Amino acid sequence: MSIGSICVFCGSRPGRQGVYGEAAEKLGRALARRDIKLVYGGSGVGLMGTIADSVLKEGGRVLGVIPEALVEREVAHHHVTDLRIVRNMHERKSLMYESADGFIALPGGIGTLEEFFEVYTWKALGDHQKPLGLLNVAGYYDPLVRLLDHITEEGFVDEAVRRMVRVSDDPDQLLEMLEGEREGEK
């Protein structure tokens, strides 16, 4: 089964290093080249705006999902292919999940981590088989990867659960890993 859409969790801020924005642009171009629709949080600022703009610039498709309360606060991106304004964060996450064939986390804050860990937990529980990965830009996720390894070593998750998360610092390689996992489901 091929990947038609990827949900990308990422910051509504740009972060301190320009390399984060560069990675968001590169991932956006890679999604558009592969005709994979971007599903994301609907913001026009930070890494969220950067990846959406990158996909759009390359002629790709973008579904943005943003709660009413964040339309002004996060400056909703009104130029995406499809902008859905929902009532709350729960509806946002549900629609993003339902609309995606896989998930990638770019650098971001606590919201990014919460969204990523929710879909990771669902996968560990067998609620879905969608691939998920971390785009480890400039080692951003190194501490998290070490923590996941530690949790596994300490016996709180099985090795199979740990292997559910693909990690790469290269957007194309990460997409290939996720696509390979989907192909393995046939």
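Above: the structure in question.
Below or above, wherever it landed, is the structure these notes cover. (Residues numbered from 1 in each chain as written. Predicted model: local features only at pLDDT ≥ 70, side-chain atom pairs only at ≥ 80, totals over all residues. Heavy atoms only, no water.)

Right, let's talk about the layout of surface pockets for a bit. Over the atoms rolls a probe the size of a water molecule, and its path tells where empty space is left. Of the volumes computed, that of the largest pocket is approximately 460 Å³. Secondary structure elements with two or more residues in the lining of the largest pocket: strand 1 (5-9), helix 2 (46-57), helix 4 (89-99) and helix 5 (110-124). Of all the elements, helix 5 adds the most residues to the lining of the largest pocket, at four residues. The residue inventory of the lining of the largest pocket, partitioned by class, reads 14 nonpolar, eight polar and five charged. (1 Å grid on protein atoms, 1.4 Å probe; cavity = no way out; pocket = protein on both sides within 12 Å on 5 of 7 lines; lining within 4 Å. Points joined across faces, edges and corners; volume = space filled by probe spheres on them. Helix = DSSP H or I, 4+ residues; strand = E, 2+ residues; numbered from the N terminus. Nonpolar A, V, L, I, M, F, W, Y, C, P; charged D, E, K, R; others polar.)

To continue, consider unusual backbone geometry. The backbone of Asp35 shows a phi angle near 55°, a positive value even though the residue is not glycine. In this model, Ala138 sits at a positive phi of 50°, which is unusual for a non-glycine residue. You can see Ala138 is positioned in the loop between strand 6 (132-135) and helix 6 (142-153).

Below, the discussion takes up the packing of aromatic side chains. For any two aromatic rings, the description comes down to two numbers: the centre-to-centre distance and the angle of the planes. In this structure the tally under the stated criterion is eight aromatic pairs. Ring centres 5.7 Å apart and planes at 80° place the aromatic pair Phe116 and Phe117 in the edge-to-face group. Of the residues examined, Phe117 reaches a relative accessible area of 28% and is grouped as partly exposed. A connected cluster of aromatic rings, assembled from ring pairs, spans Phe9, Tyr97, Phe103 and Trp122. Residue placement shows Lys130 over the ring face of Tyr97; its charged tip is 3.9 Å from the ring centre. (Phe/Tyr/Trp six-rings, centres within 6.5 Å; stacked < 30°, edge-to-face > 60°. Buried < 20%, exposed > 50% of the residue type's maximum accessible area, 1.4 Å probe, protein only. Lys NZ or Arg CZ within 6 Å of the ring centre and 35° of its normal.)

Let us look at the nonpolar core. Membership of the largest hydrophobic core comes to 27 residues, with the highest contact counts inside it found for Val8, Leu31, Ile51 and Leu106. Of all elements in the fold, only strand 1, helix 1 (18-33), strand 2 (37-40), helix 2 and helix 8 (171-183) reach the threshold of two or more residues within this core. For this core, the element with the most residues is helix 1, which contributes six residues. Aside from chain neighbours lying at most four places away, what touches Ile51 is Val8, Cys10, Ala24, Leu27, Gly28, Leu31, Leu38 and Leu106. Judged by nonpolar contacts, the second largest core, of 24 residues, contains Leu63, Val65, Phe103 and Phe116. (Core = buried A, V, L, I, M, F, W, Y, C linked by side-chain atoms within 4.5 Å. Contact = heavy atoms within 4.5 Å.)

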